[in-house]
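Analysis of the macromolecular model
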Amino acid sequence: MEELMISKIINLLFLGVLFFIGAKHFTMKTETEPWIAGLILCLMGVGFYFLNVFLIQHYIKKEMPDSLDDGSWEITAGLGIVPKWVSYIGLLAIPVFFGGLLWLLFNYIFL
């Protein structure tokens, strides 16, 4: 179980670095200010999070409409009601947002 958690943390860090590199490439190609790339990444992270929440509610409401009203929606976990790609969108929100924050920190605080 511990190896699985370490693997997930490494994957999230890898994605954060990947988005960080994407921000660097974006600022080099478009010759914009670095804060624009950081802001875009942070807003993408927030957007991915809200999209994930909306899609989860949509799929649960579609398959089990009464579960959102009475609070029993938690029993839907692991039943395959919400597609995996919806969960991946939610997982992408974390490294995109923190990649944007790191981008802003490295460009304006540490340099």
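Going by the structure above, here's the rest.
Figured I'd write up the structure that's included with this text. It should be emphasised that the depicted structure is a prediction, and the values quoted were computed from it without experimental measurement. (Residues numbered from 1 in each chain as written. Predicted model: local features only at pLDDT ≥ 70, side-chain atom pairs only at ≥ 80, totals over all residues. Heavy atoms only, no water.)

**Points about the nonpolar core**
A general feature of soluble globular proteins is that nonpolar side chains tend to end up buried together. We count it as follows: Each nonpolar core is a collection of buried residues, namely Ala, Val, Leu, Ile, Met, Phe, Trp, Tyr and Cys, held together in the definition by side-chain atoms within 4.5 Å. When a residue's accessible area, from a 1.4 Å probe over protein chains only, is under 20% of the maximum for its type it is buried; when over 50% it is exposed; and in between it is partly exposed. Secondary structure elements follow DSSP: runs of H or I of four or more residues count as helices, runs of E of two or more count as strands, with numbering from the N terminus. Should any heavy atoms of two residues lie within 4.5 Å, those residues are considered in contact.
Counting five residues, the largest nonpolar core is built from A23, A37, L41, V96 and W103. For this core, the secondary-structure elements that each account for two or more residues are α2 (34-63) and α4 (84-108). W103 has contacts with F20, A23, K24, T27, P34, A37 and G38, leaving out every residue within four places of it along the chain.

**Focus: the packing of aromatic side chains**
How we decide: Ring geometry is summarised as follows: Phe, Tyr and Trp rings, the Trp one being its six-membered ring, pair when their centres sit within 6.5 Å, and such pairs are stacked at plane angles under 30 degrees, edge-to-face over 60 and tilted between the two.
What the rule picks out here adds up to three aromatic pairs. Relative to F50, the ring of Y49 has its centre 5.4 Å away and its plane inclined at 70°; by these criteria the two rings are edge-to-face. Note on Y49: relative accessible area 46%, which makes it partly exposed. On the accessibility criterion, F50 (53% relative accessible area) is exposed.

Purely geometric stuff here, so don't read any function into it on its own.
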